[in-house]
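Notes for the structure review
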Amino acid sequence: MDLVRQLFGLDGKIAIVTGASRGIGRDIALALARAGADLALVARDREQLEEVRREVERIGRRAFPVALDLTEDGAAARMADQVHDHFGTIDILVNNAGMNIPKPALEVERQDWERVIDLNLSSVFYSCQAVGAYMAANKRGKIINISSQMALVGYFKRAAYCSSKGGVMQLTRALAIEWAQYNINVNAIAPTFIETPMTRPMFEDADFLQDVLSRIPMGRLGKTDDLLGAVIYLSSPASDFVTGHTLTVDGGWTVW
């Protein structure tokens, strides 16, 4: 086996990707499939999941769609049980599902706060907990939490979002300490603004776009392709001695 495949190959691994029906989650799932993994695809929209399933299968890997809302009580446990029953093991978990409700802090209502925290932070914990139990029994696993540069800096209209993503970064550290004894690596990725079909309408505001670009030394928005190498690395044997780390993929925003 060549060194690159030995370090970064995921042949035969079973990976869960949440928020896998579109955008960043879809592209992460397809990248993991190209690296050799079989996929459990998790999101609320079954029809969109079926489209991604077909894409994974065209790559030559197996795909298992799991349609549920991770903010519902017990949903993370059901997800983990279904995937384990289907594949017999779980090697990789990518907690990608997330959302933002951009509002000035003085206008954030309780339901706004709770929706953002429930999906961006609480569901990440419960997914880690449910999948982590299987990984601990197997004495191995890779967990990658998609945080944000907003875990490290502040920005307008993102009080709840910054709080949730900061929580994800700290959760990553806490789990890394507790679960090292089980040979589970827990890391996070902190992207800058990534252009996807879902985020593209934001950038139609020329003033907002200019403000964002002025804060990124590399002078452009992120693309989903910019995240894929980080995901493969943190999923692979190449990162076996890396845990509790948040890898920024932000074009330099946080170095100011």
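These remarks concern the structure in this document. (Residues numbered from 1 in each chain as written. Predicted model: local features only at pLDDT ≥ 70, side-chain atom pairs only at ≥ 80, totals over all residues. Heavy atoms only, no water.)

With their axes 9 Å apart at the nearest point, helix α2 (residues 23–34) and helix α3 (residues 46–59) run at an angle of 20° to one another. Here α3 runs roughly parallel to α2, going by the angle between their axes. Of the two elements, α2 crosses α3, and the hand of that crossing is right-handed. For the pair α2 and α3, contact is made by R26, L30, A33 and R34 and by V52, E55, V56 and I59, respectively. (Axes fitted to C-alpha atoms, helices over the stretch in contact; angles between N-to-C directions. Helix = DSSP H or I, 4+ residues; strand = E, 2+ residues; numbered from the N terminus. Parallel < 35°, antiparallel > 145°, perpendicular 65-115°, else oblique. Left-handed = near helix turned anticlockwise from the far one by under 90°. Contact = heavy atoms within 4.5 Å.)

Next up on the list: the sheet that holds strand β7 (residues 246–249). Strand order in the open sheet formed by 7 strands is β3-β2-β1-β4-β5-β6-β7, and the pairing between neighbours is parallel. Every interior strand has two partners, whereas the edge strands, β3 (63–67) and β7, have only one. Taken pair by pair, the neighbouring strands of this sheet meet at an average axis angle of 15°, ignoring direction. The pairing of strand β1 (residues 14–18) with strand β2 (residues 38–43) spans 5 bridges and is parallel. Within β2, the position partnered with V17 by the bridge is L41. In the packing of α2 onto the sheet, the strands contacted are β1, β2, β4 (92–95) and β5 (141–146), and the crossing angle to β1 comes to about 170°. Each of β4, β5, β6 (184–191) and β7 touches helix α8 (residues 225–235); the most contacted strand, β6, lies at about 170° to it. (Pairing = 2+ DSSP bridges.)

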